[in-house]
Amino acid sequence: GTGIVTLVVGVPVMLLTGATSGLMSVASTQAVAQPLVQNNYLTAIQSAHSGEWVSAEMGYTGSDKGMLRARATAIGPWEKYRFAYNGNGNWGSYSFAAQAYVSTEITFSGTKNGMLRARHGVIQTSERFNIIYNTDGTYSLRSVANGKYVSVEFGYTGNNAKMLRARATSIGPWLVTKDELSARL
C-alpha cells in the first residue's frame, strides 16, 4: 500500500497517489515538489492498488497509441519516464518508449476523456501536471489541462483496462512512483 517506504539501490522511493472518490483527505495541496521529485530523473510509475507498472502502449494504433496503463509486472522499455520541471509548479512527464511527453486528452469524450497518452514532442498545457505532496509522504498528479487528479481505471476491461485518466476531483491511494537508478532501468 501507499504507507510502505523502501529503498531501491540506495535511492529513496517516491510514493505517488492518484485520485478516487475521497479515499484519503489531504491537509496540504501545494503544487510544489518535495526533494524526492528531481528534475530529469528516471522514474517508473507503479499502481499502489495492483502493484503493476505503468506502460506507454506503443503497440496500439490511432488515438490509443501511447495510452498509459497500469499493467506491467516488471520495468521494461515501455515503463520508463522522466519528470521535467517547467516552471510555475508545473511538470512534464516524458515517456522514453514514445519519445514524447504525456498528454491529458481533454478533447476526447466519454470514457476516454482525460486519458493520459504519451504523444507530444513539446510541453504545452495538456502536457503539464502539478505534483502534489501529501501529508502521508505520497505524491499526487493533477492535470493542469483540466484541473483533475490522475486515476487508474480498474473497472475498465480489454485494451482499456487500467487506463490512466485525469478525471477525479479528490485524492486517493491509486499510484506509486519509484525513482530508479539508470542501471536498474
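Keep in mind the model is a prediction, meaning the values are calculated, not measured.

## Observations concerning the overall build of the protein
So, step 1. Counting secondary structure elements, the protein contains zero helices and 15 strands.
So, step 2. Evaluated residue by residue, the protein yields a buried proportion of 53% over its 185 residues.
So, step 3. In the form shown here, the protein has an accessible surface area of approximately 7800 Å², with 49% of it arising from carbon and sulfur atoms.

## Description of the pattern of salt bridges
So, step 1. As enumerated under the stated definition, the model contains eight salt bridges in all.
So, step 2. Of the charged contacts, one joins Arg71 and Glu57 as a salt bridge, the two residues approaching to 2.6 Å between their closest N and O atoms. Here Arg71 is found in strand β6 (residues 67-72), whereas its partner Glu57 is found in strand β5 (residues 53-57), with 14 residues between them in sequence.
So, step 3. We classify Glu57 as buried; its relative accessible area is 3%.
So, step 4. By sharing partners, the salt bridges in this structure join Glu57, Arg69 and Arg71 into a single network.

## Concerning the packing of aromatic side chains
So, step 1. Tallying each qualifying case throughout the model produces three aromatic pairs.
So, step 2. Connected via pairs of aromatic rings, a cluster forms that spans Tyr94, Phe96 and Tyr101.

## Describing the pairing of strand β9 (residues 100-105)
So, step 1. Of all six residues in β9, six are buried; the element is thus mostly enclosed.
So, step 2. Bridge count between strand β8 (residues 90-95) and β9: two bridges; the pairing is antiparallel. Counterpart to Ser95 in the pairing with β9 is Ala100.
So, step 3. Two successive antiparallel strands, β8 and β9, enclose a turn made up of four residues, where Gln99 displays a positive phi of approximately 50 degrees.

## Considerations on the environment of Asn146
So, step 1. Within the element layout of this structure, Asn146 appears in the loop between β12 (138-143) and β13 (149-153).
So, step 2. Judged by its relative accessible area of 24%, Asn146 is partly exposed.
So, step 3. If near-sequence neighbours (up to four positions away) are discounted, Asn146 is found in contact with Thr104, Ile106, Gly114 and Ala166.
So, step 4. Within polar-contact distance, the side chain of Asn146 engages the backbone nitrogen of Lys148 at 2.9 Å.

## Examining the confidence of the model for the protein
So, step 1. Averaged over every residue, the pLDDT of the protein is 73; the share at 70 or more is 66%.
So, step 2. Here residues 176-185 is modelled with pLDDT under 50, and outside its nearest four sequence neighbours on either side it reaches 49 contacts, counting other chains as well.

## Observations concerning the nonpolar core
So, step 1. In this structure, Val54, Leu68, Tyr81, Val102, Leu116, Val150 and Leu164 are the most contacted members of the largest nonpolar core, which totals 19 residues.
So, step 2. Elements with a contribution of two residues or more to this core: β5, β6, β7 (81-85), β10 (115-120), β11 (129-133), β13 and β14 (163-168).
So, step 3. Counting six residues, the second-largest nonpolar core is a separate cluster that includes Tyr60, Phe108, Tyr156 and Met163.

What counts, and where the lines are drawn
- Residues numbered from 1 in each chain as written.
- Predicted model: local features only at pLDDT ≥ 70, side-chain atom pairs only at ≥ 80, totals over all residues.
- Heavy atoms only, no water.
- Helix = DSSP H or I, 4+ residues; strand = E, 2+ residues; numbered from the N terminus.
- Buried < 20%, exposed > 50% of the residue type's maximum accessible area, 1.4 Å probe, protein only.
- Areas by Shrake-Rupley, 256 points an atom, 1.4 Å probe, with all protein chains shown as cover.
- Salt bridge = Lys/Arg side-chain N within 4 Å of Asp/Glu carboxyl O.
- Phe/Tyr/Trp six-rings, centres within 6.5 Å; stacked < 30°, edge-to-face > 60°.
- Pairing = 2+ DSSP bridges.
- Contact = heavy atoms within 4.5 Å.
- Polar contact = N/O pair within 3.5 Å; in protein donor to acceptor, adjacent residues only side chain to side chain.
- pLDDT = per-residue confidence, 0-100.
- Core = buried A, V, L, I, M, F, W, Y, C linked by side-chain atoms within 4.5 Å.

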